[in-house]
Amino acid sequence: MSRTVVNRAMLGMVGAVLLVAGVLVLAGGLDLYRRLGVHPPQWWPLTSPDQPVVSASSRVRWVASAWWWPTVIGGLTVLVAGTVWWLVAQLRRSGLSSIAVPTPGVSGLRLRVGAQALEEALENRTAVLPEVERAGVRLVRAPRHPRLRGAVRLRPGGDPAALVEHFEDGPRSDACGSLRLAQLPADLRIRVLQSAPAEPRHGRGRRGRRRRLPRVE
């Protein structure tokens, strides 16, 4: 699961809980139940402006129970651990700063290539492929080998299959050779621009729309 999906899910859940709690507190604080003639259940929290959010009886209801404090401590521990995990995940970079290059036959030598320089080289090599209008390439972490993530925009009428073949034989093959890697997995997203329709006699024609193609891996 990607970081973006996790962030959206967590923010959505937290936002939903805060929204419901805020609406309940606001309705009771503004005395909306009495004004609107609504009779909430007995257990409904904060039904009037003079009522506390958590009543005294609710605060001490389960304190004497044996399961109360272990449950509270365990729940808070899980909450703190999840928050710390989320914070560490935000601070950790998903990209690579450098890549180690094997040096067989040379002992004591460690060779590393800057990821940014390699990304720029791959982008330049991809941008000059036939029918390519714009290209972006990034190196990301993977369990065993670095992984390429590319986004390519083709000119109107471009052939995605031909682009994949050129990318395999050109930039990707060169990167594997330079890094001395047996394989370099890649995710390539291709977009083909549609040609703009001919302008009508009266008024301007609409601009061509972009068509998103499925990911080619």
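In what follows, the structure referred to is the one given above.
Calculation rules
Residues numbered from 1 in each chain as written. Predicted model: local features only at pLDDT ≥ 70, side-chain atom pairs only at ≥ 80, totals over all residues. Heavy atoms only, no water. Helix = DSSP H or I, 4+ residues; strand = E, 2+ residues; numbered from the N terminus. Contact = heavy atoms within 4.5 Å. Core = buried A, V, L, I, M, F, W, Y, C linked by side-chain atoms within 4.5 Å. Buried < 20%, exposed > 50% of the residue type's maximum accessible area, 1.4 Å probe, protein only. Patch = residues over 30% accessible without salt bridge, like charges linked within 9 Å, V, L, I, M, F, W, Y side chains within 5 Å. Areas by Shrake-Rupley, 256 points an atom, 1.4 Å probe, with all protein chains shown as cover. Salt bridge = Lys/Arg side-chain N within 4 Å of Asp/Glu carboxyl O.

**Focus: the environment of Val-132**
Working step 1: Structurally, the position occupied by Val-132 is in strand S3 (residues 132-140).
Working step 2: With 28 residues separating them in the primary sequence, Val-132 and Pro-160 have C-alpha atoms 9.9 Å apart.
Working step 3: When residues no more than four places from it in sequence are discounted, the contact partners of Val-132 are Thr-126, Ala-127, Val-152, Arg-153, Leu-154, Arg-155 and Leu-163.

**Looking at the environment of Pro-130**
Working step 1: Mapping Pro-130 onto the fold places it in the loop between helix H5 (115-127) and S3.
Working step 2: Along the sequence, Pro-130 and Ala-162 sit 32 residues apart, while their C-alpha atoms lie 8.7 Å from each other.

**Quick word on the nonpolar core**
Most often, soluble globular proteins have nonpolar side chains that are buried together.
Working step 1: Formed by 24 residues in total, the largest nonpolar core has its most connected members in Val-132, Leu-148, Val-152, Leu-154 and Leu-163.
Working step 2: Looking at this core, the elements with two or more residues in it are strand S1 (98-101), H5, S3, strand S4 (147-154), helix H6 (160-179) and strand S5 (186-193).
Working step 3: With five residues, H6 is the single largest residue contributor to this core.
Working step 4: Apart from residues no more than four positions distant in its own chain, Val-152 is found in contact with Thr-126, Val-132, Arg-134, Ala-135, Leu-163, Leu-188, Arg-189, Ile-190 and Arg-191.

**Brief notes about a nonpolar patch on the surface**
Working step 1: Taken together, the side chains of Val-60, Val-63, Trp-69 and Ile-73 make up a nonpolar region of the molecular surface, amounting to roughly 390 Å² of accessible area.
Working step 2: Inspection of the secondary structure assignment puts Val-63 in the loop between helix H3 (56-59) and helix H4 (68-91).

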